[in-house]
Structure formats: C-alpha cells, structure tokens
Amino acid sequence: GGIKMERIGNERTGYSNIVLPVAAGQEILPGTMVALNADGYAVPASKAENLIIAGVAQARADNRLGADGAKVVGVRRGAFVMANDKTIKQTDLLKTAYVSDATTLTLTAEGSSPAGQILEVMDDGVTVKIG
C-alpha cells in the first residue's frame, strides 16, 4: 500500500458540514433541524428531551423504508434562521433557544432540547447558532 498519512492532530477542513446516518423509518426534509436520537442516528428535530441538535439538513433524506443507517443526510452547522413560536424576544439575545418542532424555536426548555444560542431576533424569525 501507499504512504499512510497520520491523521491525529491534523485539522479536518469542512467541520461545519457533517454526514449523518438516518434512523430507520425517518424522512428528513431540507431546511429542517436535525437531531441525533439515543442510538446516534439522525431524526427530524422535535419537542423532546435528550436530543442533540446536529444542524440543518441540506437535502432530503428518505429512510422511511430503510434500516438504521441505510441512508445518510448532509447536515450543516452554523447560524440559521428558524421560526419563532413568539416566546423569544429581543431581551433573549445570547440565551439558549429550544426546539419546538423541526423548523420552530422556543424559549421554553421544559420537555425540549437546546437548539443553540440566539444571535438575532427579527419579525420573520430567530437566528440561532447550531453546533
């Protein structure tokens, strides 16, 4: 074989783009927040506890008929505009936003999981730093 390159300590470029295996029976739509379930597979973000919000889906991934990991989804981490359930105000800048559904943020932590830090509050949505 050729030369084996040492990966330890090297910066991996493109850290804001990750590819995740999709959970069985799930469909993920572009522009929606993606979460990791307890088994480490991608699912649509939802109002549920103990989810890790991975980022925003860049394309549709249809694994409705597949087993865990049969399909993958490209996910981007960064600052994204999501809908506001009307609980997030200007005074909440730099606080944590929580998931209401796959495209909506809330300030209500109870029964939800953190989406990320609130960077901007506008009439048409909330910018949140995911990842």
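Scroll up to find the structure this text is about.
Presented here is a report on the structure given in the accompanying data block. A quick note: this is a predicted structure, and the numbers were derived from the prediction, not measured.

Okay, the nonpolar core next. Grouped together as the largest cluster of nonpolar side chains are 20 residues, with contacts concentrated most on Met-33, Ile-53, Met-82, Ile-88, Leu-105 and Ile-130. Breaking this core down by element, the ones donating at least two residues are β3 (33-36), β5 (52-57), β8 (78-84), β9 (96-101), β11 (114-122) and β12 (125-130). Not counting residues up to four positions away in its chain, the partners in contact with Met-82 are Gly-31, Met-33, Val-56, Ala-102, Thr-103, Leu-105, Gly-125, Val-126 and Val-128. Residues Ile-28, Val-34, Ala-42 and Ala-57 belong to the second largest nonpolar core, which totals eleven residues.

Quick look at the sheet that holds strand β1 (residues 17-21) now. With respect to topology, five strands assemble into an open sheet ordered β1-β7-β5-β3-β4, the strand pairing being antiparallel. The sheet is open, and its two edges are formed by β1 and β4 (42-44), each paired on a single side. Taken pair by pair, the neighbouring strands of this sheet meet at an average axis angle of 50°, ignoring direction. Judged from the four bridges that link them, β3 and β5 form a sheet pairing that is antiparallel. Residue Leu-36 lies in a different strand from β5, and its bridge partner there is Ile-52.

Right, let's talk about the sheet that holds β9 for a bit. If you walk around this closed barrel you meet the five strands as β8-β10-β9-β11-β12, and the pairing is mixed. Averaged over neighbouring strand pairs, the angle between their axes works out to 60° when direction is ignored.

Once that is clear, we can look at the side chain of Thr-106. In this structure, Thr-106 sits in strand β10 (residues 104-106). Of the residues examined, Thr-106 reaches a relative accessible area of 2% and is grouped as buried. Separated by 2.6 Å, the side chains of Thr-106 and Asp-85 make a polar contact. Looking at Thr-106, its side chain comes within polar contact range of the main-chain nitrogen of Thr-108, at 3.1 Å.

Here we come to a nonpolar patch on the surface. A surface patch of nonpolar side chains, about 260 Å² in accessible area, is lined by Leu-93, Leu-94 and Leu-119. In this fold, Leu-119 is placed in strand β11.

It is worth spelling out unusual backbone geometry at this point. A positive phi angle is found at Asn-50, which is not glycine, with a value near 65°. Of note, Asn-50 is situated in the loop between β4 and β5. The residue Lys-86 is not glycine, and still its phi comes out positive at about 80°. Since its relative accessible area comes to 61%, Lys-86 is described here as exposed.

Rules used in this analysis
- Residues numbered from 1 in each chain as written.
- Predicted model: local features only at pLDDT ≥ 70, side-chain atom pairs only at ≥ 80, totals over all residues.
- Heavy atoms only, no water.
- Core = buried A, V, L, I, M, F, W, Y, C linked by side-chain atoms within 4.5 Å.
- Buried < 20%, exposed > 50% of the residue type's maximum accessible area, 1.4 Å probe, protein only.
- Helix = DSSP H or I, 4+ residues; strand = E, 2+ residues; numbered from the N terminus.
- Contact = heavy atoms within 4.5 Å.
- Pairing = 2+ DSSP bridges.
- Axes fitted to C-alpha atoms, helices over the stretch in contact; angles between N-to-C directions.
- Polar contact = N/O pair within 3.5 Å; in protein donor to acceptor, adjacent residues only side chain to side chain.
- Patch = residues over 30% accessible without salt bridge, like charges linked within 9 Å, V, L, I, M, F, W, Y side chains within 5 Å.
- Areas by Shrake-Rupley, 256 points an atom, 1.4 Å probe, with all protein chains shown as cover.
- Salt bridge = Lys/Arg side-chain N within 4 Å of Asp/Glu carboxyl O.

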